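Spelled out, the chains give:
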Amino acid sequence: MLTGGGISAVCMSRLLQFIKAVERQGQDHDRQENHDPAEASHDLSPRGIDQLIVSRHDTSSESDVTRPGNLDGTEGKKRRKDRNGHSTEGTFHLENELHDLSDDADYAASQLHGSVYMTPSDSIKTSASAEPEGAELVYLKDNVTIHLTQFASERISGRLKLIKQGPSLFMNWIPYKGQNSDARLSEKGILLIIENIPSLVLPYIFLLCMAFVADKNLYTIRDASFSDVRSIRRHTPTLGWQYIIIVMSSGLAFPPLYFYSGGVKEFIATVKQHIFLMRSAEDANVFLVNDFESRLQRTLSSLELPRAVSVANLQLESTSVPLGELPSNENQDISHANAADASSSACLYNGRARQKVHDPARDLSIHVLEKFSLVTRFARETTSQLFRESLNNGFVSANERRAHSLSPVDFSDEPVYEAEKVPKESEVFPDPIELEKMTLVWGQPRQAPLCLKEWATYLDSEGRVMDSKAMRKRIFYGGADHLLRKEAWPFLLGYHAYDSTCAEREYLKCIKKTEYETIKVQWQSVSAEQAKRFTKFRERKGLIDKDVVRTDRSFPFYEGDDNVNINCLRDILLTYSFYNFDLGYCQGMSDLLSPILFVMGDEAESFWCFVALMERLGPNFNRDQNGMHSQLFALSKLVELLDGPLHDYFKQNDCLNYFFCFRWLLIQFKREFEYESVMHLWEVLWTHHPSEHLHLYVCVAILKRYRNKIMGEQMDFDTLLKFINGLSGKIELDSILRDAEALCICAGEHGAASIPPGTPPSLPLDDGLLNTQLEDDIL
Amino acid sequence: MATTGNKSINAKLVLLGDVGAGKSSLVLRFVRGQFVEFQESTIGAAFFSQTLAVNDATVKFEIWDTAGQERYHSLAPMYYRGAAAAIIVYDITNQASFERAKKWVQELHSQGNPNMVTALAGNKADLLDARKVTSEEAQTYAQENGLFFLETSAKTASNVNDIFYEIAKRLPRVQPAPNPSGMVLMERPAERTVSASCCS
């Protein structure tokens, strides 16, 4: 499995060294943990790697979490004492009297049936491993799920348990076995990485790669002690699933846990029964656990130091904790957080002192973040932190990393303040060769386009798409053969439902054709006399007439005088401007329609496909530019996340409005590639795999591709715009798509959280009035 | 603003005007000597630069070509802010485009840089048969508003270089005091320089 063609002997020996080291650690850990022997296999099958990663996770970063059954109670108590400076048990009774949850309707209700979930027989019957001696299962809930992506297209379900041992309460969330997450990279992906990367950084890359392979277990929560929990935030939306976010004292949080089968109330109530829980004064949906810090901080306020605080914590008004009071692992953690911060990730880990002066976008970021994700410590360590430091922070940190790279298992024992040595702004550009290689390694190889024959295998006998996800994924990696586009595009655009039959689609086609004709007649029937008194119509028609004759005229389909397809473009656009009179016609729409008409051929079908596309991209053309602004904003956040130095460069050069990417976003790169490539790119983007907003990662990928040139030549805004416009026709699509996929995976939840809800091409959040453009007095 | 150094002037110039008036065609004719019948619409903005030699200096134009649609109007200030010169383009075969040009003139007068050199270009002058805006009407309007006016044709290249050359001549020479050679005051508006030499 690990015999990559291009790998040098030195490189290989280092890799083996590393693997052995990881294995050793895994073995040690397995002995400690008394795991199921099947899980403790030490071969390097993906399963083995999963396990190793989980082990590393547990030993290196979660050692401050007390575990029932393997650490004795004294150590657990001692640690709590270290953290809080006094005995926890003593405080329980004292404050319990002051804060009572009995006025909470949820709590009261839960008292009635909370115990239903706590039958011991359940735990024996369903749990793979019995609870340790003396531990009592007090809560069990199935179908508790985390969403890997913003819209739950990728999710991992598992079982949530609360376990009581002595005075302590622990939480477990274990993903169901055999459930594969789509975020996994294949073994092939690993091989590819080994073949391509510089040998010195290889162990890190490998680690990172394994993190992705292991992503399912990455999210596993094992024996998280509530003594380390700071707060629980409850979300019970009227529509959609209830979820909770658990924030640890370290400032980190577990990903939101969605209770598909309900049970948030019971969960809170159960926790309340066993540990001290207090409702936050600021937010009734936030329950503070072990809220002793405020008192501690009063006495230590003079020592206030900046510290990594998660967004959820900011909301709880928690302030800094002196570093000296924290266990060493905690310090370790902070150094990583600062390293991440060094690349100016304003939205994720703000020091208290800094956040006050931060940009106004912060509130939005916080809102979004809080809503969608906070990641586990391990995910952050391996992905963001490694990724940023190796890729972005230039020679200094990269070399420091390399110095450690021969013994990567010692990674967690780095000096506490090492991260502070990382320069905040890269004075020296990172090695371009290494950078370019590294940005290329993660995306999967592109495949041949999906052909008609293969397409047929995705359909059942009546023409339904059986596994739309698999189909979309297939198109994501290879696009569609041109002959297939006419079939596939209506699905991808959302005009056809995946579960519709051939017959249903034929029927729909007839209905929709009539419907189209009805709308078309609305403007066709405007007489010359009527038009004289209908300025808006005349102007709209004039504008469309001007644009269609200059849309893709060098492309054979639209070439030549009196081309009927030009007329067809005009008719569809004019009909659309009546169908969606509020939005009307806007420059750029003819670009979006052109390939659709070319592919679909039929006027009415093209119209409805265009309508479906505009459902998502319509906000791009709003008079207030809100669709464009939210995309440009998200883009700036993603560059900040994925290329700190470039972000800083743009900031210093007043380029943060990212207006040089306006054309890319407005018409989905239509002007940047050859016609065939545009069609390919669009169908790839329309699969919404691995993100609905992959187009933003495409932007980042292109910018990263040219980052050295941009910074090296000190381009100002004008020059940059000229340069970016001049890239048209020069961008190699496949490699950019691979980079974009890799960046999207690397950005993970951080990336998703950088994109405000409702950002095109997401469907609009509010489906009331689509476009209220009452002030649109001209067109 | 135009700035100088060694008799070379950098001047930011912005093209404004209605959809399809020929802004991009004018600038592409000037910068690349090209013309395409169906020049695609401008999305966002495009940036070009071209250097022109006039009697006393070398002027490097940094040209912003903007999208014409009213919908994108709100972006315009970003481009004309700080511009030393503007060309407001209309289509002589389209009365509405002339009206739109007047709106741009008003906007620049109220919002733009007061020393901005502003030219009015009646483009598509080759389409005489379809003319809707007379030369006299535009000339009168230009004089009243302190603009200089030329009818241009990006297609035939008529007056295209000339209009940029005229702008170059009218740009204020802001130079260090000891150097009097570069001091050229604003000339009378609407002066035609028939013999303007075309550059590059």
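Conventions we followed
- Residues numbered from 1 in each chain as written.
- Chains lettered and ligands numbered in written order.
- Predicted model: local features only at pLDDT ≥ 70, side-chain atom pairs only at ≥ 80, totals over all residues.
- Heavy atoms only, no water.
- UniProt positions renumbered as here; feature names shortened; annotations may be inferred.
- Helix = DSSP H or I, 4+ residues; strand = E, 2+ residues; numbered from the N terminus.
- Expected span 1.5 Å × (residues − 1).
- Buried < 20%, exposed > 50% of the residue type's maximum accessible area, 1.4 Å probe, protein only.
- Contact = heavy atoms within 4.5 Å.
- Polar contact = N/O pair within 3.5 Å; in protein donor to acceptor, adjacent residues only side chain to side chain.
- Buried area = accessible area lost by both parts, 1.4 Å probe.
- Salt bridge = Lys/Arg side-chain N within 4 Å of Asp/Glu carboxyl O.
- Axes fitted to C-alpha atoms, helices over the stretch in contact; angles between N-to-C directions.
- Parallel < 35°, antiparallel > 145°, perpendicular 65-115°, else oblique.
- Nonpolar A, V, L, I, M, F, W, Y, C, P; charged D, E, K, R; others polar.
- Phe/Tyr/Trp six-rings, centres within 6.5 Å; stacked < 30°, edge-to-face > 60°.
- Lys NZ or Arg CZ within 6 Å of the ring centre and 35° of its normal.

Recorded in UniProt for chain B, the comment headed Sequence similarities (unreviewed entry) runs: "Belongs to the small GTPase superfamily. Rab family."

Under the annotation held in an unreviewed UniProt entry, chain A carries the name TBC1 domain family member 15 and is attributed to Trapa natans. The UniProt entry for chain A carries this comment under Subcellular location (unreviewed entry): "Cytoplasm". The UniProt entry for chain A carries this comment under Function (unreviewed entry): "Acts as a GTPase activating protein for RAB7A. Does not act on RAB4, RAB5 or RAB6."

Caption draft 1: Inspection of helix H25 (residues 564–579) of chain A at higher detail. Residue and element names in this part refer to chain A. Compared with the 22 Å implied by 1.5 Å per residue over 16 residues, the 22 Å span of H25 between its first and last C-alpha is a close match. Within H25, 12 of the 16 residues are buried, which leaves it mostly tucked inside the rest of the structure. Within H25, the full set of buried residues consists of Asn565, Ile566, Cys568, Leu569, Asp571, Ile572, Leu573, Leu574, Thr575, Tyr576, Ser577 and Phe578. Lining the buried residues of H25 we find helix H22 (502–524), helix H24 (535–548), helix H26 (589–600) and helix H27 (603–617). The backbone nitrogen of Asn565 lies 2.7 Å from a side-chain oxygen of the residue at the head of H25, namely Asn563.

Caption draft 2: Representation of the interface of chain B and chain A. Contacts between the two partners involve 28 residues from chain B and, on the opposite side, 32 residues from chain A. Buried area between chain B and chain A, both sides added, is near 2700 Å², and the carbon and sulfur share of it is 56%. For the chain B face of the interface with chain A, the top three residues by lost area are Phe38, Ile43 and Arg71 of chain B, together amounting to 29%. Across the contact surface, chain B and chain A share one salt bridge.

Caption draft 3: Fine view of the packing of H22 of chain A against H25 of chain A. Residue and element names in this part refer to chain A. Here H22 crosses H25 at 90 degrees, and the two axes come no closer than 9 Å. Relative to H25, H22 is oriented roughly perpendicular. On H25, the residues touching Tyr516, Ile519, Lys520, Gln522 and Trp523 of H22 are Asp571, Ile572, Leu574, Thr575, Phe578 and Tyr579. Of the residues assigned to the contact of H22 with H25, the class counts are seven nonpolar, two polar and two charged.

Caption draft 4: Looking closely at the packing of aromatic side chains. Per the counting criterion, the structure on display carries 42 aromatic pairs over all chains. Three or more aromatic residues joined by ring pairs make a cluster, and in this case those are Tyr649, Phe650, Tyr658, Phe659, Phe660, Phe662 and Phe717 of chain A together with Phe47, Trp64, Tyr72 and Tyr79 of chain B. In this arrangement the basic side chain of Lys512 of chain A is found over the ring face of Trp608 of chain A, its NZ or CZ atom lying 4.0 Å from the centre. One cation-aromatic arrangement involves Arg540 of chain A over Phe581 of chain A; the distance from NZ or CZ to the ring centre is 4.0 Å.

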